[in-house]
Amino acid sequence: MKEKRDVKAGVMGISRFRIGRDGNGITTLVAFQGCPLRCKFCINPDCWKPEESFRSYTPQELYDELKKDDLYFRATEGGVTFGGGEPALRADFIAEFRKICGPDWKIRIETSLNCEPKYIEILAPVIDEWIIDTKAENPQIYLRYTGGRQSYFTFNLQLLTDQLGVGQERITLKVPIIPGYVSEAKGRESYGNYSRLFPDAKVEVVRYKTEQELREARENDRSLKGKELCNLLAEVRHDIAERYDIDLPKRDCTHQGDCPGTCPLCEQDVERLGNEMRNKGIESPEVSENLRDGINAFESKIETARNSHTWLMPGVILQETEDVLHGDIPPKDDIPPKDDIPPKEDSSAMEGQITEVPPYHKFQNVAFKECALAGVSFHLKYDDELWHELEEGMEVALVRHKNNKYDPNAVAVALPDDYEGEPDDFDFDFILGYVPRSENAELAALLDAGYADKLSARITTFHSHGNINNRIRITIYLQTSEPVLVRPDLLRAQDIDIHDLRIITYALLAGGTFYARFGGSPLQEKILPTVGEKIVFIHEQPKHYVVLLMRVIAEKEDCRRFTEAVIDRDDDRLPFILTNIIGPISLEKRECRFLKDVAIKNFDAASYLTEELSDEFERLFRIYLANKVYCDNIDADPSIDDPELRK
């Protein structure tokens, strides 16, 4: 196998001198391509474009681009902020960049935490400050707005603080007000919830600024911001020069017109100052405390210059401010300490008992074509050790070989570890073979059109010997454009009182089904059951539980087939028909130790149980069936099948 090349990443843009906006000090924002979410009001929809649409950097190349501001970073406790897109997907890149830039630069990340936990584990040791976009606190609103699962965000936030040791003081949680999705009232509620759960974190409310507001702000304040920035950077340089006895002549700026904030003469001053400091052996410069305060307050003086990076796409832009709700949100200092807040009625049920995994949408893969690889015998000899690494179901990479002199539509097949997504840099000596010439025209056209991320392939069969046409066969899949709803395979649970238990029992005895209504306000935010899902109904008594396991067999309009009850009732609940699977059964509490600290009264069929509780209930029902139900093969008793013997 070949050695891996330097990791690379597509960068949408680099924005310098983001003073006071991404933490303390003078910072540079680096925006990566790529994001798993599809937010309705995305501020950077360019991130969804193919990576080849942007300049690609290695960590060393990016460092060489940014090091011209090294002096500003070190003197003001600033550094680099990685955004995007979703920068957590570039965890390996950022970790390597940290090794190169060293500990003097602060590294911050603007993230939704919507990624696999392995990326967060890589980033935890190298990120100084986390700026986290919470999107929406309600799982179903989160899904509607982003198209992704909130469970990644919830799990990764807990992983950061509880297991990876990232202190809350290093975290900023941004709670957005999203028109049509998150109201101001919900924003206030989320602000309070996050402030209580993370008392040492910084919690901010943000709203959206329209494109017209943004355009007017840019037109009115571009020159003011540039001149203010130029003066501030000059103050930083001369403050450092004075503190470390370096001769740096002051000069009057003669620039006319709009000021970009820096110019070649300013850059020369930075380079001269840096050289003098290296000659003096000064590695960790500092600015005066008063100037540091001025740097951190700079953006509050030039508020309308926010979000003015030229690489941002026009659209709905996030306005980062804490006072947009006109005082409706209490200051953080006014929120009582966590221990002084009485628990809500449902707080115990929400901590460790109700899952945060909602239904989510997933793009399905459909088989595009199945074929044998051509050229296998040339690229893999019969004694090649690589044969031992292959197995059915293994994912392989499709690599467009545009410069192939034998076939202009050539598409190679390689192992994913050997291919980093850049066909122009790929060494085609390290492939398994090619898609046959007779099968590659459509595939090549799709890859050339930028649909590489919509295509995938897996090995169907492989043999190191035998017919050359069947040594390695692959199936190529194409991702559908319409997502399907995927629900977790978990139980739901509903607390019932003795009156409910009697009604359910009588209904099952009379007709074999039970009519129920589930929901609550606001109904559109509930994750209601669907046909086929199972619900545990549980009634708690002093020394035992009465439990039923039931399945949903109809919902909404379909319930008319089973009942004459009014199903069009104008309330915040919807109708369901359930049938019984097991129960009612009486279980002593010693048989259900896993429920010892669980608030049964807060179980609600509009939520899923955690995986742990769901598994425990499933185990309980299996034990009950094994002990109470005759499980021998019915064919062992011939009288069951022979009418004469049954007489």
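Located above this text is the structure these notes cover.
Now for a look at the structure at hand. Predicted, not measured: the structure shown is a model, and the values here were computed from it. (Residues numbered from 1 in each chain as written. Predicted model: local features only at pLDDT ≥ 70, side-chain atom pairs only at ≥ 80, totals over all residues. Heavy atoms only, no water.)

## What to know about the nonpolar core
- Grouped together as the largest cluster of nonpolar side chains are 58 residues, with contacts concentrated most on Phe82, Ile94, Phe97, Leu123, Trp130 and Ile132.
- Ranked by the residues each element gives to this core, the list is headed by helix H3 (residues 91-101), at five residues.
- Beyond its immediate chain neighbours, meaning those up to four positions away, Trp130 contacts Ile109, Thr111, Leu113, Ile120, Leu123, Ala124, Leu160, Val166, Arg170, Ile171 and Thr172.
- By size, the runner-up hydrophobic cluster in this structure holds 24 residues, among which are Leu390, Leu432, Leu443 and Leu447. (Core = buried A, V, L, I, M, F, W, Y, C linked by side-chain atoms within 4.5 Å. Buried < 20%, exposed > 50% of the residue type's maximum accessible area, 1.4 Å probe, protein only. Helix = DSSP H or I, 4+ residues; strand = E, 2+ residues; numbered from the N terminus. Contact = heavy atoms within 4.5 Å.)

## Section: the pattern of salt bridges
- Scanning the entire structure with this criterion turns up 26 salt bridges.
- Lys202 is paired through a salt bridge with Glu204; the nearest N and O atoms lie 3.0 Å apart.
- Under the relative-accessibility criterion, Lys202 is labelled partly exposed at 42%.
- Between Lys534 and Glu618 there is a salt bridge whose closest N-O contact spans 3.4 Å. Placement of the pair is Lys534 in strand S18 (residues 534-540) and Glu618 in helix H16 (residues 611-628), with a sequence separation of 84 residues.
- Each member of the salt-bridge network shares a partner with another, and the members are Lys8, Glu422 and Asp425. (Salt bridge = Lys/Arg side-chain N within 4 Å of Asp/Glu carboxyl O.)

## Quick word on the packing of aromatic side chains
- In total, this model carries 18 aromatic pairs according to the counting rule given.
- Centre to centre, the rings of Phe41 and Tyr145 are 6.2 Å apart; their planes meet at 65°, and the pair counts as edge-to-face. In this pair, Phe41 is assigned in the loop between strand S2 (27-32) and strand S3 (55-57) and Tyr145 in helix H5 (residues 139-146), connecting sequence segments 104 residues apart.
- Between the aromatic rings of Phe594 and Phe617, the centroid separation amounts to 5.2 Å while the plane-to-plane angle is 85°, which identifies the pairing as edge-to-face. With a gap of 23 residues between them, Phe594 in the loop between strand S20 (573-588) and H16 and Phe617 in helix H16 connect regions that are remote in the sequence.
- By relative accessible area, which is 1% here, Phe617 ends up buried.
- Taken together, the ring pairs connect Phe32, Tyr63, Phe73, Phe82, Phe93, Phe97 and Trp105 into an aromatic cluster.
- Between Arg149 and the ring centre of Tyr152, over which it is positioned, the NZ or CZ distance is 4.7 Å.
- Its guanidinium or amino end placed over the ring of Tyr608, Arg492 lies 4.1 Å from that ring's centre, counting from NZ or CZ. (Phe/Tyr/Trp six-rings, centres within 6.5 Å; stacked < 30°, edge-to-face > 60°. Lys NZ or Arg CZ within 6 Å of the ring centre and 35° of its normal.)

## Notes on the environment of Asn470
- One can find Asn470 in the loop between strand S14 (455-462) and strand S15 (472-486).
- A C-alpha to C-alpha distance of 9.7 Å links Asn470 and Ala374, two positions 96 residues apart in sequence.

## Concerning the packing of helix H1 (residues 59-66) against H3
- Interaxial distance between H1 and H3 falls to 9 Å at its minimum, and their mutual angle equals 50°. The orientation of H1 with respect to H3, classified from their angle, is oblique. Taken as a pair, H1 and H3 cross one another with a handedness that is right-handed. Contacts between H1 and H3 involve Pro59, Gln60, Leu62, Tyr63 and Leu66 on the former and, on the latter, Phe93, Glu96, Phe97, Ile100 and Cys101.
- Taken together, the residues of the contact of H1 with H3 sort by class into eight nonpolar, one polar and one charged. (Axes fitted to C-alpha atoms, helices over the stretch in contact; angles between N-to-C directions. Parallel < 35°, antiparallel > 145°, perpendicular 65-115°, else oblique. Left-handed = near helix turned anticlockwise from the far one by under 90°. Nonpolar A, V, L, I, M, F, W, Y, C, P; charged D, E, K, R; others polar.)

## Here's the deal with the side chain of Thr146
- Relative to the helices and strands, Thr146 is located in helix H5.
- Since its relative accessible area comes to 0%, Thr146 is described here as buried.
- From its side chain, Thr146 meets the backbone oxygen of Tyr142 in a polar contact 2.8 Å long.
- A distance of 3.0 Å separates the side chain of Thr146 from the backbone nitrogen of Gly148, its partner in a polar contact.
- When residues no more than four places from it in sequence are discounted, the contact partners of Thr146 are Leu37, Arg38, Cys39 and Lys135. (Polar contact = N/O pair within 3.5 Å; in protein donor to acceptor, adjacent residues only side chain to side chain.)

## Observations regarding unusual backbone geometry
- Put simply, Gly84 and Gly85 share a cis peptide bond, and its omega is 15°.
- In this fold, Gly85 is placed in the loop between strand S4 (79-83) and H3.
- A cis amide bond, omega 5°, links Gly583 with the succeeding residue Pro584.
- As for its position among the elements, Pro584 is in strand S20.
- Positive phi values are uncommon outside glycine, yet Leu113 reaches one of about 60°.
- Within the fold, Leu113 resides in the loop between strand S5 (106-111) and helix H4 (117-123).
- Judged by its relative accessible area of 0%, Leu113 falls in the buried class.
- One non-glycine residue, Lys556, adopts positive backbone phi at about 55°.
- One can find Lys556 in the loop between strand S19 (544-555) and S20.
- Lys556 sits in the partly exposed class, given a relative accessible area of 45%.

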